[in-house]
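# Chains, contacts and geometry: an overview
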Amino acid sequence: GLYTAVVRHFIATLLPTATAEQSCLAAEASDERFELRWHRVIERGWLHALPHRTEGLGLVEGIPLSFDAVKQGDELPLVASELVDAWTQPPTELTEAQLIEAMDRNGIGTDASMATHVSTICERGYACVVDADGHLLGDG
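Here goes a summary of the coordinates provided. (Residues numbered from 1 in each chain as written. Predicted model: local features only at pLDDT ≥ 70, side-chain atom pairs only at ≥ 80, totals over all residues. Heavy atoms only, no water.)

### Remarks on the overall build of the chain
Going by this rule: The helix count covers DSSP runs of H or I at least four residues long, the strand count covers runs of E at least two residues long, and both are numbered beginning at the N terminus. Only protein chains enter the area calculation, which uses a 1.4 Å probe; residues under 20% of their type maximum are buried, those over 50% are exposed, and those in between are partly exposed. Whether two residues are in contact is decided by their heavy atoms, any of which lying within 4.5 Å being enough. Shrake-Rupley sampling with a 1.4 Å probe provides the accessible areas, and residues are treated as covered by the protein chains on show and by no other component.
Summing up its helical and strand segments, the chain has four helices and three strands in all. Each helix and strand of the chain, ordered N terminal to C terminal, gives the series α-β-β-α-β-α-α. In terms of principal-axis extent, the alpha carbons of the chain reach across some 60 × 50 × 25 Å. Here the chain holds 140 residues, and 14% of them are scored as buried. If you take every contact in the chain between residues at least 6 apart in sequence, the share linking residues at least 24 apart comes to 32%. In the structure as shown, the chain presents an accessible area of about 11800 Å², 56% of it carried by carbon and sulfur atoms.

Right, dumping it as structure tokens:
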């Protein structure tokens, strides 16, 4: 609960700094460049108290150490290759609350003007208000 979160956060402030190293493995095959980037935890430090933060910081603790043995100029065997025909996907739609939160976070408008901004966004056709099933509400 809340007490546990507060205690964990306090304990984290007493622990040493967490450190990580960034690595990149780049390879070329059939005139295509491939990159694998990762951050490996070196010292967990305050992450001992807040382990859930590891993923949010993009830290990985399971990258095989065998990647460290790869040196520039090494030739790696191509084990498999697959061509996938796919398209990027649009981001998920924002709820009105998420839109207002993003506007607030980016310094757009004031508390008093938020409703007016949302209304203007809808009137200009930049967005529309829908119900939970995606059906238009009101005038659209």
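From this point on, the discussion continues.
### A word on a nonpolar patch on the surface
Using the following cut-off: Only residues whose relative accessible area exceeds 30% and that form no salt bridge are eligible for patches; like-charged ones are grouped when within 9 Å, while nonpolar side chains (Val, Leu, Ile, Met, Phe, Trp, Tyr) are grouped when within 5 Å. Salt bridges are identified by distance alone: a Lys or Arg side-chain nitrogen within 4 Å of an Asp or Glu carboxyl oxygen.
Taken together, F10, I11, L14 and L15 make up a surface patch of nonpolar side chains, about 390 Å² in accessible area. Looking at the element boundaries, I11 is found in helix α1 (residues 2-14). Judged by its relative accessible area of 40%, I11 is partly exposed.

### Focus: the layout of surface pockets
Note the threshold: The definitions used throughout rest on a 1 Å grid laid over the protein atoms alone, on which a cavity is an enclosed set of points accommodating a 1.4 Å probe that cannot get out and a pocket is an open set flanked by protein within 12 Å on both sides along at least five of seven lines; lining residues are those having an atom within 4 Å of a point. Grid points are joined across faces, edges and corners, and a volume is the space filled by probe spheres set on the points. When residues are sorted by character, Ala, Val, Leu, Ile, Met, Phe, Trp, Tyr, Cys and Pro go into the nonpolar class, Asp, Glu, Lys and Arg into the charged class, and all the rest, Gly among them, into the polar class.
Roughly 850 Å³ of volume is contained in the largest pocket. A26, A27, E28, F34 and L76 are the residues nearest the centre of the largest pocket, which is lined by 30 residues in total. Among the elements of the structure, β1 (19-29) and β2 (32-43) are those that each provide at least two residues to the lining of the largest pocket. In terms of residue class, the lining of the largest pocket is built from 16 nonpolar, five polar and nine charged. Of the voids in this model, the second largest pocket is the one considered here, and its volume is about 400 Å³. If you trace the second largest pocket, you find 14 residues lining it, with L94, T95, E96, A127 and C128 closest to the centre.

### A closer look at the pairing of β1
Which entries qualify depends on this criterion: Here the rule is simple: two strands pair whenever DSSP picks up at least two bridges between them.
Sheet topology places β1 next to β2; eleven bridges connect them, and they run antiparallel. In the sheet register, S23 faces β2, and the bridge partner there is W38. Hairpin geometry of β1 and β2 is characterised by an intervening segment of two residues between the two adjacent antiparallel strands and by a positive phi of about 50° at S30.

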